[in-house]
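Letter by letter, the chains look like this.
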Amino acid sequence: MAKVTELVADLAAKAVEEAGCTLWDVEYVREAGQWYLRLYLDKEGGVDIRDCEAVSRVVSDLLDAADPIEGSYTFEVSSAGAERALKRPGDFEKFMGSPVLVKLYKAQDGRKEFAGVLRGYQAGDITIAIGDAERTFPKAQVALCRLRIEF
């Protein structure tokens, strides 16, 4: 049986495309005792509230009709954001050379967060340039890698 996120991604694909967007990610998570189903959108030039509203209306109706999730949940549609998480190999490929923040499960050298420029992604291992040095973090140690906006 397919995962909830995969079923919802398939269900939402046409509506997202018709809104001129791409589906960045689907999350189905439990937070503070409540289930949340979240669609994250991307679009050249940026996602605005009208995009989210258009997708939300159509996908909400599709979810009601297909009923792929037992029980109650809160449905949300939003932009993937400028500091979006990178999860799939294609995400890392698309943003190679971009500033990122790597968060680790356990501290290394007294810290859990490392900011740098994405230089490599190999089998889940992430390499970033920090100043003149490069550092590789094994997949098992990385809690999150996201884009970072520099001011």
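Note that the coordinates shown come from a computational prediction; the quantities given were computed from them, not determined experimentally. (Residues numbered from 1 in each chain as written. Predicted model: local features only at pLDDT ≥ 70, side-chain atom pairs only at ≥ 80, totals over all residues. Heavy atoms only, no water.)

Colleague: Could you give me a rundown of the packing of aromatic side chains, with the residues and numbers involved?
Modeller: One pass over the structure, following the stated rule, counts four aromatic pairs. Between Tyr28 and Trp35, the ring centres sit 4.6 Å apart and the planes meet at 15°, which makes this aromatic pair stacked. According to the relative accessible area criterion, Trp35 is partly exposed, its value standing at 29%. Each ring, one from Phe114 and one from Phe137, has its centre 5.1 Å from the other, and the planes form 40°; the classification is tilted. In this pair, Phe114 sits in strand E5 (residues 111-122) while Phe137 sits in strand E7 (residues 133-137), placing the two residues 23 residues apart along the sequence. (Phe/Tyr/Trp six-rings, centres within 6.5 Å; stacked < 30°, edge-to-face > 60°. Buried < 20%, exposed > 50% of the residue type's maximum accessible area, 1.4 Å probe, protein only. Helix = DSSP H or I, 4+ residues; strand = E, 2+ residues; numbered from the N terminus.)

Colleague: How would you sum up the environment of Phe95? Please name residues and give values.
Modeller: Structurally, the position occupied by Phe95 is in the loop between helix H3 (89-94) and strand E4 (99-108). Its relative accessible area of 16% is what places Phe95 among the buried residues. In this structure, the C-alpha to C-alpha distance between Phe95 and Leu118, residues 23 residues apart in sequence, is 7.5 Å. Setting aside residues up to four positions removed in sequence, Phe95 forms contacts with Trp24, Arg84, Leu86, Leu118 and Leu147. (Contact = heavy atoms within 4.5 Å.)

Colleague: Go over the pattern of salt bridges with me, naming the residues and quoting the values.
Modeller: By the definition in use, this model includes 17 salt bridges. The residue Glu18 makes a salt bridge to Lys14 at a minimum N-O spacing of 3.9 Å. Residue Glu18 and its partner Lys14 are located together in helix H1 (residues 4-18), separated by four residues, close to a single helical turn. Accessibility classification places Glu18 together with Lys14 in one group, the exposed group. The partner of Glu113 in a salt bridge is Lys103, and the shortest N-O contact between them spans 3.7 Å. You can see Glu113 sitting in strand E5 and its partner Lys103 sitting in strand E4, a full ten residues away along the chain. Look at Lys103 and you get partly exposed, because its relative accessible area is 27%. In the salt-bridge network here, residues are joined through shared partners; they are Asp25, Glu27, Glu31, Arg38, Glu76, Lys87, Arg88 and Asp91. (Salt bridge = Lys/Arg side-chain N within 4 Å of Asp/Glu carboxyl O.)

Colleague: Break down the sheet that holds E7 for me, citing the residues and quoting the values.
Modeller: One open sheet accounts for five strands, arranged E7-E6-E5-E4-E8; its pairing is antiparallel. This sheet does not close on itself; its edge strands, each paired only once, are E7 and strand E8 (142-147). When strand polarity is set aside, the average angle formed by the axes of neighbouring strands in this sheet is 40°. With six bridges connecting them, E4 and E5 associate as antiparallel partners. (Pairing = 2+ DSSP bridges. Axes fitted to C-alpha atoms, helices over the stretch in contact; angles between N-to-C directions.)

Colleague: Please set out the side chain of Gln108 residue by residue, giving values where relevant.
Modeller: Among the secondary structure elements, Gln108 is positioned in strand E4. When neighbours within four sequence positions are excluded, Gln108 is seen to be in contact with Phe114, Arg135, Phe137 and Gln141.

Colleague: Could you give an account of the environment of Gln108, naming the residues involved and the relevant values?
Modeller: A sequence separation of 94 residues divides Gln108 from Lys14, and the C-alpha atoms of the two residues are 44 Å apart. Of the polar contacts made by the side chain of Gln108, one reaches the side chain of Arg135; its length is 2.8 Å. (Polar contact = N/O pair within 3.5 Å; in protein donor to acceptor, adjacent residues only side chain to side chain.)

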